[in-house]
Each structure stands twice: as structure tokens, then as C-alpha cells.
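Here's the letter readout for the chains.
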Amino acid sequence: MVNRPDAHLVVRSDLAPDADAVAQLGRQGVATVHEAQGRRGLLGPQIRPVQEGAVIAGRAVTVLSHPGDNLMLHAAVEQCRPGDVVVVSTTSESTDGMFGELLAVSMRSRGVIGLVTGAGVRDVSDLRRMGFPVWTRAVSAQGTVKASPGSVNVPVIVGGTLVEPGDVVVADDDGVVVVPRAQAPAVAAAGEARLRNEADKRARLAAGELGLDMYGLRAELERLGVRYVDREEHTDDDRDGVVPEGALHG
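Keep in mind the model is a prediction, meaning the values are calculated, not measured.

Rules behind the numbers
Residues numbered from 1 in each chain as written. Predicted model: local features only at pLDDT ≥ 70, side-chain atom pairs only at ≥ 80, totals over all residues. Heavy atoms only, no water. Helix = DSSP H or I, 4+ residues; strand = E, 2+ residues; numbered from the N terminus. Buried < 20%, exposed > 50% of the residue type's maximum accessible area, 1.4 Å probe, protein only. Contact = heavy atoms within 4.5 Å. Areas by Shrake-Rupley, 256 points an atom, 1.4 Å probe, with all protein chains shown as cover. Lys, Arg positive; Asp, Glu negative; His and termini not counted. Charge placed at Lys NZ, Arg CZ, Asp CG, Glu CD. Salt bridge = Lys/Arg side-chain N within 4 Å of Asp/Glu carboxyl O. Arc of directions from axis to C-beta. Polar contact = N/O pair within 3.5 Å; in protein donor to acceptor, adjacent residues only side chain to side chain. Phe/Tyr/Trp six-rings, centres within 6.5 Å; stacked < 30°, edge-to-face > 60°.

1. A look at the overall build of the protein chain
Okay, step 1: Broken down by element type, the protein chain carries eight helices and 11 strands.
Okay, step 2: Overall size of the protein chain, expressed as C-alpha extent along the three principal axes, is 75 × 40 × 40 Å.
Okay, step 3: Every one of the 250 residues in the protein chain was classed for burial, and the buried ones make up 42%.
Okay, step 4: A fraction of 75% describes how many contacts in the protein chain between residues 6 or more apart in sequence connect residues 24 or more apart.
Okay, step 5: Carbon and sulfur atoms make up 51% of the accessible area of the protein chain, which amounts to about 13,900 Å² in all.
Okay, step 6: Seen as two clouds, the 26 positive and the 34 negative side-chain charges of the protein chain have centres 7 Å apart.

2. Observations regarding the side chain of Asp-167
Okay, step 1: Take Asp-167: it is sitting in the loop between strand E9 (161-163) and strand E10 (168-172).
Okay, step 2: In this structure, Asp-167 is buried with no salt-bridge partner, the nearest side chain bearing the opposite charge being Arg-181 at 5.7 Å.
Okay, step 3: Sequence-distant contacts of Asp-167, defined by excluding residues within four places in its chain, comprise Gly-58, Arg-59, Ala-60, Val-178, Val-179, Pro-180 and Arg-181.

3. With respect to the pattern of salt bridges
Okay, step 1: Tallied over the entire structure, the rule returns 12 salt bridges.
Okay, step 2: A single network of salt bridges, built from pairs that share partners, joins Glu-35, Arg-39, Arg-194 and Glu-198.

4. Looking at helix H1 (residues 19-28)
Okay, step 1: Looking only at H1, the buried set comprises Ala-21, Val-22, Leu-25, Gly-26 and Gln-28. Buried residues of H1, viewed axially, fall in a sector of 160°; they line one side. Facing away from the buried side of H1 by more than 90 degrees, the exposed set consists of Ala-19, Asp-20 and Arg-27.
Okay, step 2: Here the buried face of H1 lies against helix H2 (30-36), strand E2 (56-65), E10, strand E11 (175-179) and helix H6 (184-206).
Okay, step 3: Where H1 starts, the residue carrying a side-chain oxygen 3.2 Å from the main-chain nitrogen of Asp-20 turns out to be Asp-18.
Okay, step 4: Following H1 by one or two positions, Gly-29 has its phi on the positive side, about 90°.

5. Observations regarding the side chain of Ser-151
Okay, step 1: Secondary-structure assignment places Ser-151 in strand E7 (residues 151-152).
Okay, step 2: You can call Ser-151 buried: its relative accessible area is 5%.
Okay, step 3: In terms of polar contacts, Ser-151 uses its side chain to reach the backbone amide nitrogen of Leu-9, at 3.0 Å.
Okay, step 4: Here Ser-151 is in contact with Ala-7, His-8, Leu-9, Thr-62, Val-63, Leu-64 and Met-72, once residues within four sequence places are set aside.

6. Things to note about the packing of aromatic side chains
Okay, step 1: Evaluation of the coordinates by the stated rule reveals one aromatic pair.
Okay, step 2: Between Phe-99 and Phe-132 the ring centres are 5.7 Å apart and the planes differ by 35°, which places this aromatic pair in the tilted class. Of this pair, Phe-99 sits in strand E4 (residues 97-99) while Phe-132 sits in the loop between helix H5 (124-130) and strand E6 (134-139), and the two are 33 residues apart along the sequence. Take Phe-99 and Phe-132: they sit in the same class, and that class is buried.

Quick look at the structure:
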């Protein structure tokens, strides 16, 4: 492989995560996966869904594009296969709408299940109508050209997070999280254990148990100096000069 920093590459790659792990991670969702892998891999909150209720998990096909140019998105389509998620970054900051309905139609024909971009998208109503889920930094009608070289299936950074070709991308209403390809089975197993633990906690909370007791937080409150008082002890006539922190800044 060419290793020059100025090289522009379309990398043909069969690197893919374990399919069973991908399915598990998709069922678990972004919040659980993020916790299961030690609170790593979450894209910044500026990368937001343009629809509600979509949940996807799939292999990352990465795109590095010149700002204001979507040539390499078209080049990426050929490298996609069913179940993939296209992840787009630009070589410098851009919010131009470099992805829209026509590219979504093209990607869907290859089986792509969604797109994540650190730039912008447009044709949002059409994307919602056709049910093609997108997570993006910006919505902008500003168009782009097809004239500048870039790369496909190279490491990119989106939302402050490194994404390698073949990693697992999980996305839902909570945002986007990336799981390194080799770690997918272990993270999926940790996520399943976390779901079982949450199911037990959910049942206990539904039965009326307080989180204070379930999590052992009473000792933590005491350690932090939080005290309980009765209304008769703490009245409006108190003259001890004690004002709760933040009371004057409501």
C-alpha cells in the first residue's frame, strides 16, 4: 500500500467484524455499548440524527473527502456491501450538504444501512421519507462539487473519534459509538451482561426499591456531608447563617 501522507487511495477491503457481535451490539444500543467498552468510542454530541427511532449497527466503510466535494462518496459506493455504514470525514472543517437523496438511493442499492458524517447533509425530508438514517454535524442546502481527490477505507476522525475501516458503527437516537473490529465480540458479551444486570435493577426499582439503597448511596451522601433534617429543625426563622450552596444562584 502507498504510505505517503499525500496519497489518495481507494482501498478494497474485506475486513469485517464478527456478524453475531454486530447483531448483538445493534440490539444493545449506543448507551449500553458505550458503557460496555469502558465509556470509549462515542462520537461527540455534535453528530446528531436527522430522524427519530432509527437503530443501526454495521461495518464501517470510511471516506476522507475534500471539504465541499463529494466525489469520494461516489467512489465509496462501489466498496460497500449489505449491512455497511458509510462514515465520512473531511480534510478540514465543512458543513456543506455533501450527501442527499440521490447518493442515498445509490448507497441503498448496495445494501448500505446508514451514513455518519462530520460534514453536512441535505434533502432531509426525502431521507426521512425513504427511511435512510443519517447522523450528521449539520443540515445545509449548500451544494458540493465532484473535483477533488480523497480516500476510501482509510482511518478517519469524526466527532473527535477515530474510526478504522471494518470497525463496528452503532447509531441510534442517543448518537453514535464505534467499536474496534477486533474487540467487537468482547464488547458485545460485556453489553449482554450489562443488559442482564439492568433488567434486575429495573425490576427492583419498579417494585419500589430506592436507587439510594440499591446503589448504596446513603454512605456516599454521608461522606459528602449531606445531612437530613426535619422541617421543625430547619425553619425559616433559622439564624445560623447557613445557606445551601447554590441557593443564591437559582
